[in-house]
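# Survey of secondary and tertiary structure
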Amino acid sequence: MRDFSWSNRTITARLLTAGFAVLLSVGLSVAADAPTAPGGITALLCGHLIDTIAGKVLGESTIVIESGHVREVLNGLQAPAGATAIDLKSQTCMPGLIDAHTHLTGQTSRTEYVDRYHWNVADNAIRSTVYARRTLLAGFTTVRNLGDGDNESAALRNAINAGIVPGPRIFTAGKAIGTTGGHADPMNGLNQELSRDLGAVDGIINGTDDAMKAVREHYKLGDDLIKIMPSGGVLDEGASGENSQMTLEEIRAIVSTAHDYGFAVAAHAHGAEAIRRAVIGGVDSIEHGTFMDAEDMKLMVEHGTYYVPTIIAGDFVARQAKIPGYYPPTIARKAQEIGPLIQATAGRAYKAHVKIAFGTDAAVYPHGQNAHEFELMVGAGMPPMFCIQAATVSAAALLRQKDLGSVTPGKIADVVAVPGNPIDDISLMKQVTFVMKDGVVYKLNSVPVDTAL
Ligand SMILES: [Zn+2]
């Protein structure tokens, strides 16, 4: 993870006035690019604090932050002497939110299926900086990016880490891995003269040798995890949204190679058989999981496989599919078949004690609206605290990030706040007023703080 000790080269202080944070540089050097955690100590005076490990809402609490990390958490409102205090007394503080399923380098639009004939990777990359900022300002300080076009999400990740653009901490899968004609094949539905036969370096595999090569290609490109497409999906022009598109042997080859390189594997899967193969094949999470049956759920509990429902994506595509011409006809049909079913599946998985991590498939719906997923999860029958834990401790466990997911001494200082108690009203998660990532304030009193850059 990022280590802020290097930032000592720049001494910064923050002057907090009338709802605006003004960054002053003190001393000889000014931060050239990277936003730096305040050189001193910051105290967040919170009306309430959500203890995501215990699943409790605590009363008045002070979070003391130093060098981008939580130094201590105190009962009551008591800023240490010399600390810069931030008044969040009317707010409920919680750890920075984690969205375990995003695509930050694209976004749905009526022209999406035409734009791909005109756009280059740079078009996606430039837009992605705007989407990343929106995501961060919505309170999501960390994301898993599960698929892009040309590994441009790794470039976005690197630019955010270097402080060039504001955005969430990204763990990216680069391009998704699928099979010829499957959900990851970008040539689906194209005129045959435009279509080409893609191979392992493009993320398209047929057989176990290709599977191993595709994973190794991701290691070469500097990605963080692997995303696979063992079933059909909604937003490509293939006929089925749920058929099985990988053999168990191909899945096993990917998973074992991925684990050799320290990669977790996320599996997009709608169909029950594809889910079964992915779980038996050893993947770490099932994404969407629409037609997950009782046997799949039992297997997931046994294997400890996470479920990332992405209800908001199903909900959005089902509604958009009713707008004539928004999607190509095959996609509109699949969106109406599959989209409306995910919420009920998520409710059944919760009751079956499947491990659930928060994820939304952002890009399928407009970036920045991620928190609507909380309302849909509660609508599926999950308690509000469970949903907040899904977006903090549970997602951090899925991402294997022990320094994220709770406001605990020693952890990374990612903190967000909402006005009131989200356990009483989950829709408050859509009204994030305060965002701190790595000890740097990006939003205060609902106002973006771009002086962090
Ligand atoms: Zn996705």
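Scoring rules and cut-offs
Residues numbered from 1 in each chain as written. Predicted model: local features only at pLDDT ≥ 70, side-chain atom pairs only at ≥ 80, totals over all residues. Heavy atoms only, no water. Donors = N, O, S within 2.8 Å, 3.2 Å for Na, K, Ca; no water. Helix = DSSP H or I, 4+ residues; strand = E, 2+ residues; numbered from the N terminus. Buried < 20%, exposed > 50% of the residue type's maximum accessible area, 1.4 Å probe, protein only. Pairing = 2+ DSSP bridges. Right-handed = clockwise from strand over helix to strand, strands pointing away. Phe/Tyr/Trp six-rings, centres within 6.5 Å; stacked < 30°, edge-to-face > 60°. Salt bridge = Lys/Arg side-chain N within 4 Å of Asp/Glu carboxyl O. Axes fitted to C-alpha atoms, helices over the stretch in contact; angles between N-to-C directions. Contact = heavy atoms within 4.5 Å. Expected span 1.5 Å × (residues − 1). pLDDT = per-residue confidence, 0-100.

Turning next to the coordination of the zinc ion. Taken together, His-101 (NE2), His-103 (NE2) and Asp-361 (OD) make up the full set of protein donors to the zinc ion, lying 2.0 to 2.1 Å away. Donor residues for the zinc ion sit on one chain with the sequence pattern H-x1-H-x257-D. Of this pair, His-103 sits in the loop between β8 (97-102) and α1 (112-115) while Asp-361 sits in the loop between β17 (355-356) and α11 (372-379); the two residues are 258 residues apart in sequence, bridging distant segments of the chain. Here His-103 falls in the buried class, since its relative accessible area comes to 16%.

The next subject is unusual backbone geometry. In this structure, Ser-67 takes a positive phi of about 50° despite not being glycine. With a phi angle near 65°, Asp-361 is a residue other than glycine that sits in the positive phi range.

Burial within strand β14 (residues 265-269) is extensive, with five of its five residues counted as buried. By the alternation rule, side chains of β14 split into Val-265, Ala-267 and Ala-269 and Ala-266 and His-268, which are all buried. Where strand β13 (residues 226-228) meets β14, three bridges bridge the pair, whose relative direction is parallel. Within the sheet, the bridge partner assigned to Lys-227 lies in β14 and is Ala-266. Remark: the β13/helix α5 (residues 248-260)/β14 crossover connection has right-handed handedness. Pairing geometry for β14 and strand β15 (residues 285-288), over four bridges, is parallel.

To continue, consider the packing of aromatic side chains. This model, assessed by the stated rule, comprises seven aromatic pairs. Centre to centre, the rings of Tyr-219 and Tyr-261 are 4.7 Å apart; their planes meet at 50°, and the pair counts as tilted. Here Tyr-219, found in helix α4 (residues 208-221), pairs with Tyr-261, found in the loop between α5 and β14; they are 42 residues apart in sequence, far enough to count as distant. Centroid distance Tyr-261 to Phe-263: 6.5 Å. Interplanar angle 25°. Geometry classified as stacked. Note on Phe-263: relative accessible area 3%, which makes it buried. Among the aromatic residues, those joined into a cluster by ring pairs are Phe-140, Phe-358 and Phe-374.

A word on the pattern of salt bridges. Pairs can form between side chains of opposite charge whenever their charged atoms are close. According to the stated counting rule, one finds 21 salt bridges in the structure shown. Salt-bridge contacts for Asp-87 lead to Lys-89; the nearest nitrogen and oxygen are separated by 3.5 Å. Look at Lys-89 and you get partly exposed, because its relative accessible area is 43%. Among the ionic pairs, Asp-224 bridges to Arg-157, the shortest N-O distance being 2.9 Å. Of this pair, Asp-224 sits in the loop between α4 and β13 while Arg-157 sits in helix α3 (residues 152-161), and the two are 67 residues apart along the sequence. On the basis of relative accessibility, which here comes to 27%, the residue Asp-224 falls in the partly exposed class. Residue class for Arg-157 comes out buried when judged on its relative accessible area of 11%. Through salt bridges with shared partners, one network takes in Glu-273, Arg-276, Arg-277, Asp-293, Glu-295 and Asp-296.

Reading across the sheet, the three strands line up as β8-β9-β10 and stay open at both edges, with parallel pairing between neighbours. Lying at the two open borders of the sheet, with one neighbouring strand each, are β8 and β10 (169-172). Ignoring strand direction, the axes of neighbouring strands in this sheet form an average angle of 15°. The strands touched by α3 within the sheet are β9 (140-145) and β10, with β10 carrying the most contacts at an inclination of about 150°.

All right, on to α5 then. Between its first and last C-alpha atoms α5 spans 18 Å; for 13 residues at 1.5 Å apiece the expected length is 18 Å, and the two agree. For α5, the set of buried residues is Glu-250, Ile-251, Ala-253, Ile-254, Val-255, Thr-257 and Ala-258. Buried residues belonging to α5 abut β11 (178-179), β12 (204-205), α4, β13, β14 and α6 (272-280). Positioned one or two residues after α5, Gly-262 has a phi angle of 80°, which is positive.

In this model, the chain carries a mean pLDDT of 91, and residues with pLDDT of at least 70 account for 91%. A low-confidence stretch, residues 1-34 stays under pLDDT 50, and its non-local contacts, those more than four residues away or across chains, total 68 contacts.

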